[in-house]
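Inside the fold
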Amino acid sequence: MPDRQPTPIGALVNAGLAPLAPSGQKQPGVHTVVDGEGTGQALVLPWGRRKVLLLNATFEPLTALPLRRAVVLVVCGKAEVVHGDPDGSVVHSSTAQVVVPSVIRLSNYVRVPYRGRVPLTRAGLMHRDRYRCAYCGGRAETIDHVVPRSRGGPHTWTNCVACCAKCNHRKADKLLSELGWRLRVVPNAPRGPHWRLLAGVTEADPLWLPYLGEPAA
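Below is a short write-up of the structure. (Residues numbered from 1 in each chain as written. Predicted model: local features only at pLDDT ≥ 70, side-chain atom pairs only at ≥ 80, totals over all residues. Heavy atoms only, no water.)

Focus: the overall build of the protein chain
Looking only at helices and strands, the protein chain has seven helices and 12 strands in total. Looking at the 217 residues of the protein chain, the share that counts as buried comes to 39%. For the protein chain, the share of sequence-separated contacts (at least 6 apart) that also reach a separation of at least 24 residues comes to 60%. If you sum the accessible surface of the protein chain, you get close to 11,900 Å²; carbon and sulfur atoms cover 53% of it. (Helix = DSSP H or I, 4+ residues; strand = E, 2+ residues; numbered from the N terminus. Buried < 20%, exposed > 50% of the residue type's maximum accessible area, 1.4 Å probe, protein only. Contact = heavy atoms within 4.5 Å. Areas by Shrake-Rupley, 256 points an atom, 1.4 Å probe, with all protein chains shown as cover.)

Observations regarding the sheet that holds strand S7 (residues 79-84)
Strand pairing in a sheet relies on backbone hydrogen bonds. The paired strands run either parallel or antiparallel. The strand order across the open sheet built from four strands is S6-S5-S10-S7, with neighbouring strands paired in mixed fashion. The open sheet has two edge strands with one neighbour each: strand S6 (61-66) and S7. Neighbour-to-neighbour, the strand axes of the sheet open up by a mean angle of 30°, direction not taken into account. Summarising the sheet, strand S5 (residues 51-55) and strand S10 (residues 101-106) pair through three bridges and their orientation is parallel. (Pairing = 2+ DSSP bridges. Axes fitted to C-alpha atoms, helices over the stretch in contact; angles between N-to-C directions.)

Here we look at unusual backbone geometry
Positive phi outside glycine occurs at Phe-59, with the angle close to 70°. The class of Phe-59 is partly exposed, set by a relative accessible area of 38%. Not every positive phi belongs to a glycine, and Arg-130 is a case in point at roughly 55°. Within the secondary structure, Arg-130 sits in the loop between helix H3 (122-128) and strand S11 (142-145). For Arg-130, a relative accessible area of 45% corresponds to the partly exposed category.

A word on the pattern of salt bridges
Inspection of the entire model under this criterion finds five salt bridges. In this structure, Arg-50 engages Asp-85 in a salt bridge whose closest nitrogen and oxygen atoms are separated by 3.0 Å. Of this pair, Arg-50 sits in the loop between strand S4 (42-46) and S5 while Asp-85 sits in the loop between S7 and strand S8 (90-92), placing them 35 residues apart in sequence. Relative accessible area serves as the criterion here: at 1%, Arg-50 is assigned to the buried category. With relative accessibility at 7%, the residue Asp-85 sits in the buried group. (Salt bridge = Lys/Arg side-chain N within 4 Å of Asp/Glu carboxyl O.)

A look at the pairing of S6
As defined by bridge partners, S5 adjoins S6 across five bridges and the pair is classed as antiparallel. Residue Val-52 lies in a different strand from S6, and its bridge partner there is Leu-65. Hairpin connection, S5 to S6: the antiparallel pair is bridged by five residues, and Phe-59 has positive phi, about 70°.

Thoughts on the nonpolar core
Membership of the largest hydrophobic core comes to 14 residues, with the highest contact counts inside it found for Leu-65 and Ile-104. Listed by contribution, the elements that provide at least two residues to this core are S5, helix H2 (67-75) and S10. Sequence-distant contacts of Ile-104, that is, excluding residues within four places in its chain, are made with Val-52, Leu-53, Leu-54, Leu-55, Leu-65, Ala-70, Leu-73, Val-74, Ala-79, Glu-80, Val-81 and Val-82. Judged by nonpolar contacts, the second largest core, of 10 residues, contains Cys-133, Tyr-135, Cys-164 and Trp-181. (Core = buried A, V, L, I, M, F, W, Y, C linked by side-chain atoms within 4.5 Å.)

Focus on the environment of Leu-73
Structurally, the position occupied by Leu-73 is in helix H2. Residue classification places Leu-73 among the buried positions, given a relative accessible area of 7%. In this structure the C-alpha to C-alpha distance between Leu-73 and Arg-105, which are 32 residues apart in sequence, comes to 9.6 Å. Discounting residues that sit within four places of it in the chain, Leu-73 has contacts with Leu-65, Lys-78, Ala-79 and Ile-104.

Examining the packing of aromatic side chains
For the structure shown, the criterion picks out two aromatic pairs. Taking 6.5 Å as the distance between ring centres and 10° as the angle between the ring planes, the aromatic pair formed by Phe-59 and Tyr-211 counts as stacked. You can see Phe-59 sitting in the loop between S5 and S6 and its partner Tyr-211 sitting in helix H7 (residues 209-212), a full 152 residues away along the chain. Here Tyr-135 and Trp-181 contribute two aromatic rings whose centre-to-centre distance is 5.3 Å and whose plane-to-plane angle is 50°, an arrangement assigned as tilted. Here Tyr-135, found in the loop between H3 and S11, pairs with Trp-181, found in the loop between helix H5 (176-179) and helix H6 (193-198); they are 46 residues apart in sequence, far enough to count as distant. With a relative accessible area of 11%, Tyr-135 lands in the buried category. (Phe/Tyr/Trp six-rings, centres within 6.5 Å; stacked < 30°, edge-to-face > 60°.)

This is the structure in structure tokens:
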């Protein structure tokens, strides 16, 4: 095991925990995640912004926790680490040390109340449409209402699509029938526990993906 050097970070210091990073690591206070805007580029997040995926005892995704809260659950024995930090970092107190988690699982099953509708958010809609324009298939940069709101269109999953800036400008407040356009895919409201989580997360750790399922409407 390589030598490790302690590097205090804000939120964990408040909990009496400090991180340890492998010797020679250039940025022990940051973490790399997938770009939530769909550019395919890596983002480097400060430790204070890092999230950890929380799974139920059945491995069902529940929510994304702040790193400090996730470590506290593990230290208290209420959760176990499923996947640790790829860099091998750990946090330690005066009596224990814990691998910095990316995914944790509750030790006991928690019953989740039924929640039928997934909230409509920009992040969730971009995930649903895979960051592709519903009209031309190019990279999406904004959201468009298929039936413009100025013409009575609702702000719903079935009337909102990801859109590139060029198509959004050309479409303006017109109907598709007036332009002779067609949608590449009919928009639907997504269903499933992972979609509720995706709707609120713009930056996802690659280690989360096997537990979130294939994004599909």
